[in-house]
Amino acid sequence: MIPGEFIYHRPSSVAEAVAILANHGEEARPLSGGHSLIPMMKLRMAAPEHLVDLGGIADLKGISEDGDMISIGAMTTQHELIASDLLGSKLPIIRETSQLIADPQIRYVGTLGGNVANGDPGNDMPALMQCLNASYVLTGPEGDREVSARDFYEAAYFTKLAPEEILTAIRIPVLPAGHGYAYEKLKRKVGDYATAAAAVVLTMSGGSVSFCAIALTNVADTPLFAVEAGDILTGSTLDAETVKRAVAAAEAITEPASDGRGPAEYRTKMAGVMVQRALARAAERAKG
Ligand SMILES: Cc1cc2nc3c(=O)[nH]c(=O)nc-3n(C[C@H](O)[C@H](O)[C@H](O)COP(=O)(O)OP(=O)(O)OC[C@H]3O[C@@H](n4cnc5c(N)ncnc54)[C@H](O)[C@@H]3O)c2cc1C
């Protein structure tokens with residue numbers, strides 16, 4: 001329950017925050033909603049000497065549309081994602097996923113940026129961002145760089161984020177109106193990380209799939225973008241045989257941990273079941 005001692009910083013600009021991080025290297029950590037970092041500090045699994053609270057930086061908030069891209073500030077909370085009419089109409093899978101994350105109190109403070117930067121394979125947003133082909137804007141002493149969510153995750157808690165960088169925004173291409181979507185998550189109870197979960201977005205045209213992206217949560221050290229499964233389904237009518245092949249392709253890339261959520265074999269099978277359910281719901285929702 002008792003974290004180690006640390007020095008608290010509250011910068012008011014991204015530049016100031018980056019300068020503090022650059023000064024202290026691995027000894028400093030950004031603090032967003034604090035609902036993954038503080039629990040780790042209380043267990044002394046993380047013991048940063050400097051906490052750089054991003055809560056005073058107005059630039060990190062907000063959801064905006066720019067042409068065919070939506071940009072979400074890293075400090076936007078899960079609650080704000082759910083409440084956003086823009087996201088509700090353009091990318092409704094974000095609301096559906098957020099509502100399956102944690103509980104109301106955590107969603108008031110937990111941020112999208114913290115969820116995707118954390119690197120815990122249990123987090124739901126990383127696979128969703130891979131499914132949506134989002135990219136992360138990382139700001140460091142040398143300026144900004146953009147990394148695709150599909151390339152960002154290296155292993156559990158290892159990502160492309162450098163210690164002196166801050167994730168400032170998440171950029172997501174808008175999907176066509178009438179696209180189908182679903183996030184299916186199997187969990188033991190409210191607030192639990194997934195035993196397995198699947199994000200699916202697709203478009204239909206004349207009864208067949210014109211585009212399909214699938215990603216998986218918590219069935220490997222990292223979120224998984226299921227390239228082959230999506231490719232198999234593209235061009236199909238979602239007939240049972242093709243869906244079966246796609247599900248098998250998704251299951252084949254999993255490498256789950258065996259833990260309180262069950263043995264690895266079960267979680268792999270559940271990843272397949274979640275893909276199948278998400279596909280069925282996404283197809284029902286798709287127009288075209
Ligand atoms: C009981 C409980 C249940 C939960 N259930 C779920 C769940 O079902 N699904 C789920 O996805 N999550 C779940 N969470 C996690 C929760 O949503 C976290 O809030 C979230 O993962 C981290 O976001 P945060 O804003 O709290 O980040 P923080 O805890 O502040 O930070 C997390 C990590 O990311 C780094 N970081 C944060 N922001 C940035 C940034 N902008 N740039 C660079 N690095 C940054 C921090 O340094 C830290 O290492 C749960 C948490 C709890 C306590």
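Because the structure is a prediction, the values reported are computed rather than measured.

> Looking at this model, I keep getting lost on the site of the ligand. Mind explaining?
Around the ligand lies a shell of 29 residues, among which P30, S32, L37, T111 and D124 are the nearest. Separating an oxygen atom of the ligand from a backbone N or O atom of D192 is a distance of 3.3 Å. Surface burial for the ligand is 92%, taken as the share of its 960 Å² of free accessible area covered by protein chains. Elements that contribute at least two residues to the shell around the ligand include exactly β2 (28-31), α7 (112-117) and β10 (166-173). Here the shell around the ligand is built from residues that sort into 13 nonpolar, 12 polar and four charged.

> I'm lost on helix α1 (residues 14-24) in this one. Help?
Structural remark: α-helix, 3.6 residues per turn; residues separated by three or four positions point the same way. Listed in full, the buried residues belonging to α1 are V14, A17, V18, I20 and L21. Along the axis of α1, the buried residues cluster in a sector spanning 160°; they form a single face. Exposed and facing more than 90 degrees away from the buried side of α1 are A15 and N23. On its buried side, α1 packs onto β1 (7-9), β2, β3 (50-53), β6 (135-140) and β10. Looking at the residues trailing α1, positive phi occurs at G25, about 55°.

> I keep staring at the pattern of salt bridges and nothing clicks. Help me out?
Pairing between side chains of opposite charge can happen when their charged atoms approach one another. Scanning the model with the defined rule gives 14 salt bridges in all. Residue K90 pairs with E65 through a salt bridge whose shortest N-O separation is 2.7 Å. Of this pair, K90 sits in helix α4 (residues 85-90) while E65 sits in strand β4 (residues 63-66), placing them 25 residues apart in sequence. By relative accessible area, which is 28% here, K90 ends up partly exposed. One salt bridge in this structure joins R285 and E96, with 2.8 Å as the shortest N-O distance. Of this pair, R285 sits in helix α12 (residues 264-285) while E96 is found in helix α5 (residues 92-98), placing the two residues 189 residues apart along the sequence. The partly exposed category is assigned to R285, whose relative accessible area is 29%. One continuous salt-bridge network, built from bridges that share partners, spans R188, D192, D259, R261 and R267.

> Would you take a moment to explain the packing of aromatic side chains for this structure?
In the structure shown here, the tally under the stated rule is three aromatic pairs. Aromatic side chains Y136 and F152 sit 4.9 Å apart centroid to centroid with 85° between the ring planes, which places their arrangement in the edge-to-face category. Of this pair, Y136 sits in strand β6 while F152 sits in helix α9 (residues 149-152), and the two are 16 residues apart along the sequence. Aromatic pair Y136 and Y153: ring centres 6.3 Å apart, planes at 85°, arrangement edge-to-face. Taken together, the residues span a long stretch of sequence, with Y136 in strand β6 and Y153 in strand β8 (residues 153-155) at a distance of 17 residues. Here Y136 matches Y153 in class, with each residue buried. Cluster of aromatic residues (ring-pair linked, three or more members): Y136, F152 and Y153. The lysine or arginine in question, R150, covers the ring of F225, its NZ or CZ lying 3.7 Å from the ring centre.

Rules of the game
- Residues numbered from 1 in each chain as written.
- Predicted model: local features only at pLDDT ≥ 70, side-chain atom pairs only at ≥ 80, totals over all residues.
- Heavy atoms only, no water.
- Near = heavy atom within 4 Å.
- Polar contact = N/O pair within 3.5 Å; in protein donor to acceptor, adjacent residues only side chain to side chain.
- Areas by Shrake-Rupley, 256 points an atom, 1.4 Å probe, with all protein chains shown as cover.
- Helix = DSSP H or I, 4+ residues; strand = E, 2+ residues; numbered from the N terminus.
- Nonpolar A, V, L, I, M, F, W, Y, C, P; charged D, E, K, R; others polar.
- Buried < 20%, exposed > 50% of the residue type's maximum accessible area, 1.4 Å probe, protein only.
- Arc of directions from axis to C-beta.
- Contact = heavy atoms within 4.5 Å.
- Salt bridge = Lys/Arg side-chain N within 4 Å of Asp/Glu carboxyl O.
- Phe/Tyr/Trp six-rings, centres within 6.5 Å; stacked < 30°, edge-to-face > 60°.
- Lys NZ or Arg CZ within 6 Å of the ring centre and 35° of its normal.

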